[in-house]
Amino acid sequence: MTHFPERWQTAAQAARRRPAEACEMPPGLATRVLARWKEAPEESLLEVMTLLSKRFLMASALLFILSTALAATQVDVTELAPSWIETPLSTRMLLP
C-alpha cells in the first residue's frame, strides 16, 4: 500500500490531465429553485423559537443527567457520614 502523499500526487496529476468540462446549471434550475422557495410557507419567529427552545431543553436535560451520573461515580459515600456520630448503645437512650 502506498503512502498518502504518493497517492495524492498521482490523483492530482490525473486530475490535471482530464479535460475541463463546462459546469453549467441545467436549464430552468434557477426558476424551479425560486418557485419552490416562494411556495414554502413562511415560518414565524414564535415557531422557530419554540423549536429551538425544545432542542435546547432536551440538550440541557441530557447534559444534566450525564453530569449527575459522572458526579455520582466520583463521590465516595462513606466519606459523607461524619465520623463523630456513633451508633447509640441502646434504644432507651433515644427515647425521652
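Each residue is numbered by its place in its chain's sequence as written, counting from 1. Residue-level local features of this predicted model are given only where pLDDT is at least 70; pairs of side-chain atoms are given and counted only at 80 or more, and the full residue set underlies all totals for whole chains, interfaces and linings. Remark: hydrogens and water are excluded; side-chain values derive from all non-hydrogen atoms of the structure.

Draft legend 1. Quick look at the overall build of the protein. Within the protein, the regular secondary structure consists of three helices and zero strands. Helix and strand definitions follow DSSP, with helices as H or I runs of at least four residues and strands as E runs of at least two, each counted in order from the N terminus. When the helices and strands of the protein are placed in sequence order, the string is α-α-α. Think of it in three bands: residues with accessible area under 20% of the maximum for their type are buried, residues over 50% are exposed, and the middle band is partly exposed, with areas taken using a 1.4 Å probe on protein chains only. Buried residues in the protein amount to 1% of all 96 residues. If you sum the accessible surface of the protein, you get close to 10,200 Å²; carbon and sulfur atoms cover 67% of it. Note on areas: Shrake-Rupley with a 1.4 Å probe; residue coverage comes only from the protein chains shown.

Draft legend 2. Representation of the confidence of the model for the protein within the structure. For the protein, mean pLDDT is 81; residues scoring 70 or higher make up 76% of the total. Ranking the elements of the protein by mean pLDDT puts helix 1 (residues 4-17) last, at 86, and helix 3 (residues 45-74) first, at 93. Each residue carries a pLDDT score, the predictor's own confidence in it, on a scale running from 0 to 100.

Draft legend 3. Structural context of helix 3. One less than the number of residues in a helix, times 1.5 Å, gives the span that helix is expected to have. Its 30 residues place the ends of helix 3 43 Å apart at the C-alpha level, agreeing with the 44 Å of an ideal helix rising 1.5 Å per residue. Within helix 3, only zero of the 30 residues are buried, which leaves it mostly out in the open.

Draft legend 4. Structural context of a nonpolar patch on the surface. Like-charged residues within 9 Å of one another, or nonpolar side chains (Val, Leu, Ile, Met, Phe, Trp, Tyr) within 5 Å, are grouped into patches, provided each residue has over 30% relative accessible area and no salt bridge. Take a side-chain nitrogen of Lys or Arg and a carboxyl oxygen of Asp or Glu: if they are within 4 Å of each other, that pair is a salt bridge. A cluster of nonpolar side chains, contributed by Leu-45, Val-48, Met-49 and Leu-52, occupies part of the molecular surface with about 380 Å² of accessible area. Among the structural elements, Leu-52 can be located in helix 3. Looking at Leu-52, the relative accessible area reads 46%, which means it is partly exposed.

Draft legend 5. Layout of the packing of aromatic side chains. Stacked, edge-to-face and tilted are the three classes for Phe, Tyr and Trp ring pairs, Trp counted by its six-membered ring, which pair at centre distances within 6.5 Å; planes under 30 degrees apart are stacked, over 60 edge-to-face, the rest tilted. Using the criterion set out here, one finds one aromatic pair in the structure. Aromatic side chains Phe-4 and Trp-8 sit 6.3 Å apart centroid to centroid with 25° between the ring planes, which places their arrangement in the stacked category. With Phe-4 and Trp-8 both in helix 1 and four residues apart, the pair spans about one turn of that helix. Residue Phe-4 shares its accessibility class with Trp-8, and that shared class is exposed.

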